[in-house]
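Remarks on the overall topology
Below, each chain spelled out in residue letters.
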Amino acid sequence: MIVSLLWCAVIALLGLKVIATLILLRRPPAARIAGRHGLWLWWSTKITPIVAVPCLIAIAAMERDRASLWVFSLLMLFVLVAVPIVVWRRFGRAG
């Protein structure tokens, strides 16, 4: 039961990421995060992997799938490095 709920959460979160990414890519680069909705879409593309990957790790742990556990743990490490870099590049510039 819990595994099914986690899978539903992962699918919903990654679906949200895909939809938000497609909407943002259709906009001109200068207007991608202009306005409140654009900013929400941009942040949803960054936050959803941070929430979805731990769900995948939990699923792999509950199913005792060691290979998936390693892959998802490495994916989480990548997400924890890549997302702050992207956010810093976008908002951390001085000036």
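Residues numbered from 1 in each chain as written. Predicted model: local features only at pLDDT ≥ 70, side-chain atom pairs only at ≥ 80, totals over all residues. Heavy atoms only, no water.

For helix α3 (residues 66–91), built from 26 residues, the straight-helix expectation of 38 Å at 1.5 Å per residue is met to within 8% by its first-to-last C-alpha distance of 37 Å. Those residues of α3 lying buried are Ser68, Phe72, Met76, Val79, Ala82, Val83 and Val87. Structurally, α3 contributes buried residues whose contacts are with α2 (35–62). (Helix = DSSP H or I, 4+ residues; strand = E, 2+ residues; numbered from the N terminus. Expected span 1.5 Å × (residues − 1). Buried < 20%, exposed > 50% of the residue type's maximum accessible area, 1.4 Å probe, protein only. Contact = heavy atoms within 4.5 Å.)

Even without glycine at this site, arginine 64 takes up a positive phi of about 55 degrees. Positionally, arginine 64 belongs in the loop between α2 and α3. For arginine 64, a relative accessible area of 75% corresponds to the exposed category.

Scanning the entire structure with this criterion turns up 1 aromatic pair. On the numbers, 5.2 Å between centres and 90 degrees between planes, the contact of tryptophan 42 with tryptophan 43 is edge-to-face. The exposure class of tryptophan 43 is partly exposed, given its relative accessible area of 31%. Taking the ring centre of tryptophan 42 as reference, the NZ or CZ of lysine 46 above it sits at 4.9 Å. (Phe/Tyr/Trp six-rings, centres within 6.5 Å; stacked < 30°, edge-to-face > 60°. Lys NZ or Arg CZ within 6 Å of the ring centre and 35° of its normal.)

Right, let's get into the packing of helix α1 (residues 2–26) against α2. At a minimum axis separation of 8 Å, α1 and α2 run at an interaxial angle of 155 degrees. As judged from the angle between their axes, α1 and α2 are roughly antiparallel. Here the hand of the crossing between α1 and α2 comes out left-handed. Looking at the contact of α1 with α2 residue by residue, the class counts come to 21 nonpolar, 5 polar and 1 charged. (Axes fitted to C-alpha atoms, helices over the stretch in contact; angles between N-to-C directions. Parallel < 35°, antiparallel > 145°, perpendicular 65-115°, else oblique. Left-handed = near helix turned anticlockwise from the far one by under 90°. Nonpolar A, V, L, I, M, F, W, Y, C, P; charged D, E, K, R; others polar.)

Another point: the side chain of serine 44. Turning to its location among the elements, serine 44 is positioned in helix α2. Apart from residues no more than four positions distant in its own chain, serine 44 is found in contact with Leu16 and Ala20.

All right, on to a nonpolar patch on the surface then. A contiguous nonpolar patch, built from Leu39, Trp43, Ile47, Val51 and Phe91 and spanning about 400 Å² of accessible area, is present on the exposed surface. Among the elements that make up the nonpolar patch, the one with the highest residue count is α2 (4 residues). On the secondary structure map, isoleucine 47 appears in helix α2. (Patch = residues over 30% accessible without salt bridge, like charges linked within 9 Å, V, L, I, M, F, W, Y side chains within 5 Å. Areas by Shrake-Rupley, 256 points an atom, 1.4 Å probe, with all protein chains shown as cover. Salt bridge = Lys/Arg side-chain N within 4 Å of Asp/Glu carboxyl O.)

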